[in-house]
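So the chains spell out like this:
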Amino acid sequence: MTQQKHNPGRRSSNAAAPGFSMVELLVSMCILAVLAGFIATGFQGSTKKARGIQCVAKMRNLGQGIQLYTQDNAEFPRSLHSAASAGKLPWAKAILPYLGFSDTPSDLEWANIFEKIYRCPSDPKKDVNICSYALNVHLELTPDGDDYTGSPATWRKPINLDQGTRTILLAEPKPVYYADHIMCHQWSSATGASNAVDAKRHEGKANYLFADGHVEALLITSTFDPAKGINLWNPGLAGR
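Overview of the structure. (Residues numbered from 1 in each chain as written. Predicted model: local features only at pLDDT ≥ 70, side-chain atom pairs only at ≥ 80, totals over all residues. Heavy atoms only, no water.)

Details of the side chain of asparagine 207
Mapped onto the elements of the fold, asparagine 207 is located in strand 4 (residues 206-210). Among the polar contacts made by the side chain of asparagine 207, one reaches the side chain of histidine 202 at a distance of 3.4 Å. (Helix = DSSP H or I, 4+ residues; strand = E, 2+ residues; numbered from the N terminus. Polar contact = N/O pair within 3.5 Å; in protein donor to acceptor, adjacent residues only side chain to side chain.)

Structure representation (structure tokens):
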């Protein structure tokens, strides 16, 4: 009977494989946690950027609707500040026909329209009566009922607006701001602007639609800072 020779260099298949030490496991877990943090941060950053881009697209679309409205009516649409007294629909519904919708939608239709074109993806508000965008009230002020710098000059008609490229048309109000317009003619300091505008909605800035149709992401102090003579809200001061 032939005996099998013992080979000291051959390892038994039953020998235990080397494992990870507790220190190695902890180091590995720390590395995975750091990588997961980087991935999550990058994803959040990409999501915020995408929402900002979607907001810009929505504002441009609204700008086109407003421009088409002004071509037919020779004046800017009005907000709740003056629409009723002028016998007009508020701007959000007045421009609907120029965006392919009826200006008298049903409640369900309005909810769908609102979410599609009037809701900024970064706006936490959920009420379909509170737009993510608000009209610059200067474009509907009258010397008879309003007190503002530049009175009695008015800018209700695009033809009277000399600084369309520098005058804000729509902005992003704060979630607690329950109007479709911003009463910027009442501001006396940068604090007033910060209290009304959701100035940091998009990574420290807000989006602004200008009267010529372009959109910019700006710091609030780049739109209104009396100490530096900056006022992109008042058409009479925007060009300075």
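Topic: the pairing of strand 4
In terms of burial, strand 4 is a largely internal element, five of the five residues being buried. Burial along strand 4 is two-sided: Ala206, Tyr208 and Phe210 and Asn207 and Leu209, pointing in opposite directions, are all buried. Of the pairings in the sheet, the one linking strand 4 to strand 5 (residues 215-218) comprises four bridges and is antiparallel in character. Looking across to strand 5, one finds that leucine 209 is bridged to valine 215. Taken together, strand 4 and the strand that follows it, strand 5, pair antiparallel across an intervening segment of four residues, in which glycine 213 is found at a positive phi of about 105 degrees. (Buried < 20%, exposed > 50% of the residue type's maximum accessible area, 1.4 Å probe, protein only. Pairing = 2+ DSSP bridges.)

Observations regarding the pattern of salt bridges
Using the criterion set out here, one finds five salt bridges in the structure. Of the charged contacts, one joins arginine 201 and aspartate 123 as a salt bridge, the two residues approaching to 3.7 Å between their closest N and O atoms. Highlighted residues: arginine 201 in the loop between helix 4 (190-196) and strand 4 and aspartate 123 in the loop between helix 3 (107-118) and strand 1 (134-136), separated in sequence by 78 residues. Taken as a pair, arginine 201 and aspartate 123 share a single burial class, namely buried. In this structure, arginine 201 engages glutamate 172 in a salt bridge whose closest nitrogen and oxygen atoms are separated by 2.8 Å. Of this pair, arginine 201 sits in the loop between helix 4 and strand 4 while glutamate 172 is found in the loop between strand 2 (168-171) and strand 3 (181-182), placing the two residues 29 residues apart along the sequence. A single burial state applies to arginine 201 and to glutamate 172, both of which are buried. (Salt bridge = Lys/Arg side-chain N within 4 Å of Asp/Glu carboxyl O.)

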